[in-house]
Amino acid sequence: MPGRAIWLAATRRIDLEAQLGPLSGALGVLQCAAAAAHLESDATGNVVATAGGPRHDAAAALLLTP
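Criteria and cut-off values
- Residues numbered from 1 in each chain as written.
- Predicted model: local features only at pLDDT ≥ 70, side-chain atom pairs only at ≥ 80, totals over all residues.
- Heavy atoms only, no water.
- 1 Å grid on protein atoms, 1.4 Å probe; cavity = no way out; pocket = protein on both sides within 12 Å on 5 of 7 lines; lining within 4 Å.
- Points joined across faces, edges and corners; volume = space filled by probe spheres on them.
- Helix = DSSP H or I, 4+ residues; strand = E, 2+ residues; numbered from the N terminus.
- Nonpolar A, V, L, I, M, F, W, Y, C, P; charged D, E, K, R; others polar.
- Buried < 20%, exposed > 50% of the residue type's maximum accessible area, 1.4 Å probe, protein only.
- Polar contact = N/O pair within 3.5 Å; in protein donor to acceptor, adjacent residues only side chain to side chain.

Engineer: Sorry, what's going on with the layout of surface pockets here?
Structural biologist: Where empty space is left in the structure can be found by rolling a water-sized probe over the atoms. The computed volume of the largest pocket comes to approximately 460 Å³. Taken together, 18 residues form the lining of the largest pocket, with Ile14, Asp15, Leu16, Gln31 and Thr50 sitting closest to its centre. Elements with a minimum of two residues in the lining of the largest pocket: helix H2 (16-20), helix H3 (26-40) and strand E2 (46-52). At six residues, the largest contribution of residues to the lining of the largest pocket is made by E2. In the lining of the largest pocket, the residues fall into nine nonpolar, five polar and four charged.

Here it is as structure tokens:
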């Protein structure tokens, strides 16, 4: 996808589990709430929601843009 590096460079990152501890099934719900709050605020940039990673069996990511 052309230009994706630009999108990722402008993406705000907030680690909810680092702030709140393990969230299990609630992680996605809180990520969507944080993303919606960010996109509705005067803040600029995109939102990326991720789950899982190299230490897990699976991983997923969603990039939200205004």
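Once you've had a look at it, read on.
Engineer: What exactly am I supposed to notice about the side chain of Gln31 here?
Structural biologist: Here Gln31 lies in helix H3. Taking relative accessible area as the criterion, Gln31 reaches 16% and is therefore assigned buried. Among the polar contacts made by the side chain of Gln31, one reaches the main-chain carbonyl oxygen of Thr50 at a distance of 2.7 Å.

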